[in-house]
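# Descriptive structure summary
In case you want the letters, here they are:
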Amino acid sequence: MEYNTIIIGSGVAGMTAALYLKRANVSVCVLEKDVPGGQITRTSDIDNYPGFISIDGPDLATKIYEQVINLDIPYFYTEALEIIVNDDIKIVKTKDHELKCKNIIIATGRSPRKLNVVNEDTLIGRGISYCAICDGSLYKDKKVAVIGGGRAALEESLYLSKICSNVTLIHRSNNFRADNSLLNEVKNQDNITVLTNKKVEKFTSVDNKIASIIYTEENGSFQELVIDGCFIYIGQEPNTTNFSNLGILDSDGYIEVDENYQTSVEGIFACGNALHVHDLVDFVTEESVLAGRGAAKYLKGELNTSSALTKTANGNGISYVVPQTYRLDNVEDEITFKFRVRKPYHMVKVVIKADDEVIRTIVKPHMLPAEMEMLKVKKSLLKECSTLTFEIKEG
């Protein structure tokens, strides 16, 4: 089977890119090893998606999936095990097939990070879950624990408090990575108990079902918490292991892209949460359209594959492609540099260099992941230099 474009992943990002390409009359198919929707199927309420005052994640995923099916976009429930680049042809290997295409959009998103403690793997689906909206109803009027200290852990603790008789939130430190208002709401909920500075050591089981959590106190003593279920929210990891052979990943396993959302391999694009971006669905959708547009241009020969972007080392990882060096002979009028952080920073410095000389330093205070920063530099202001470089540093 051969397609112009193969999209790997059917979260919001992947399905949006598929819709855009199909309407552009591009032959496209979608590969997905799990359910349509990706991470949003684990979200209870979404109130920042255009067209809906409020909608839960599974319903939004279903509506987008129905659009994909109504457009007769081929949809295969299979995993992309490897990508092989053979000149202009790309081959996506699955368990049963080898699919050929001219370009690829990787939209594989992220998966929940595991604790990697004793009995965790064996008790998944037997009391351990990473999705409260999926499995919370199984623990109605029962005792559960939530492990984590970020926004997701706190939000899901509140969600579960409306279903379960008691929720114990366990965090390894006493510093939470969430707004104080959210933390106060959790602490003021009568049936939520907050335990800080506790390290989870292992899970115990009875009759192949979770029975308790064993954790250590600051003084090293062991304690046991008897529970009926446990929900783990300690962050996420990109689903990009199968693409490590392409040389398109940064040190954290996220995919690096240029301004067209193309990777360093011509004809391979990426969008969504496999990049270093925040979790808001509206930005993921924007990136999907841009990746789809880049893929469509590549097929028509309209995309400048000798891009003005020369990718160098990924720096300290504040942005998903930094530093960026632009060759001025490829720039007509002005250079636009966009970046956003993947975690809150008290201060971020943008250092602009003409060739190797620093010409300007811009300080951006109190940057949050939901903020996109854009800097523009007129080419006419740069004299007798061949490159312009933007470097991002923590202040």
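Residues numbered from 1 in each chain as written. Predicted model: local features only at pLDDT ≥ 70, side-chain atom pairs only at ≥ 80, totals over all residues. Heavy atoms only, no water.

### Points about the packing of aromatic side chains
All chains considered together, the criterion is met by 4 aromatic pairs. With centroids separated by 5.7 Å and ring planes inclined at 85°, the aromatic side chains of Tyr139 and Phe231 adopt a geometry described as edge-to-face. Placement of the pair is Tyr139 in the loop between helix H3 (132–135) and strand E9 (143–147) and Phe231 in strand E15 (residues 229–232), with a sequence separation of 92 residues. Take Phe231: its relative accessible area is 0%, and that puts it in the buried class. Pairwise contacts between aromatic rings join Tyr65, Tyr75 and Tyr77 into one cluster. (Phe/Tyr/Trp six-rings, centres within 6.5 Å; stacked < 30°, edge-to-face > 60°. Helix = DSSP H or I, 4+ residues; strand = E, 2+ residues; numbered from the N terminus. Buried < 20%, exposed > 50% of the residue type's maximum accessible area, 1.4 Å probe, protein only.)

### Details of the sheet that holds strand E13 (residues 209–216)
If you trace the 3 strands from one edge of the open sheet to the other, you get E12-E13-E14, paired in antiparallel fashion. Edge positions in the sheet fall to strand E12 (199–206) and strand E14 (222–226), since each has one partner strand and no second. For this sheet the average axis-to-axis angle between neighbouring strands, irrespective of direction, equals 30°. Two elements, E13 and E14, share 5 bridges in a ladder whose sense is antiparallel. Among the inter-strand pairings, Thr216 is bridged to a residue of E14, identified as Phe222. (Pairing = 2+ DSSP bridges. Axes fitted to C-alpha atoms, helices over the stretch in contact; angles between N-to-C directions.)

### So, the state of the cysteines
Going through the model one piece at a time under the given rule, you end up with 1 disulfide. Each sulfur in the disulfide pair Cys131 and Cys134 lies 2.1 Å from the other. Negative torsions about the S-S bond denote left-handed disulfides, and the value of about 70° found for Cys131 with Cys134 makes this one right-handed. For Cys131, a relative accessible area of 4% puts it in the buried group. (Disulfide = S-S within 2.5 Å.)

### Details of the nonpolar core
Counting residues in hydrophobic clusters, the biggest one holds 25 residues, and the most contacted among them are Ile7, Leu60, Ile64, Ile73 and Ile105. Elements with a minimum of two residues in this core: helix H1 (12–23), strand E2 (28–32) and helix H2 (57–70). If near-sequence neighbours (up to four positions away) are discounted, Ile7 is found in contact with Gly14, Ala17, Ala18, Leu21, Val28, Cys29, Val30, Leu31 and Ile105. By size, the runner-up hydrophobic cluster in this structure holds 23 residues, among which are Leu31, Phe243, Val265 and Ile268. (Core = buried A, V, L, I, M, F, W, Y, C linked by side-chain atoms within 4.5 Å. Contact = heavy atoms within 4.5 Å.)

### Quick word on the pattern of salt bridges
Inspection of the entire model under this criterion finds 6 salt bridges. The partner of Lys93 in a salt bridge is Glu98, with the nearest N and O atoms 3.8 Å apart. The residue Asp121 makes a salt bridge to Lys114 at a minimum N-O spacing of 3.0 Å. A relative accessible area of 33% places Lys114 in the partly exposed class. (Salt bridge = Lys/Arg side-chain N within 4 Å of Asp/Glu carboxyl O.)

### Concerning the environment of Ile362
The residue Ile362 is located in strand E22 (residues 357–367) in this model. On the accessibility criterion, Ile362 (14% relative accessible area) is buried.

### Concerning the side chain of Thr5
The topology assignment puts Thr5 in strand E1 (residues 2–8). Separated by 2.5 Å, the side chains of Thr5 and Asn103 make a polar contact. (Polar contact = N/O pair within 3.5 Å; in protein donor to acceptor, adjacent residues only side chain to side chain.)

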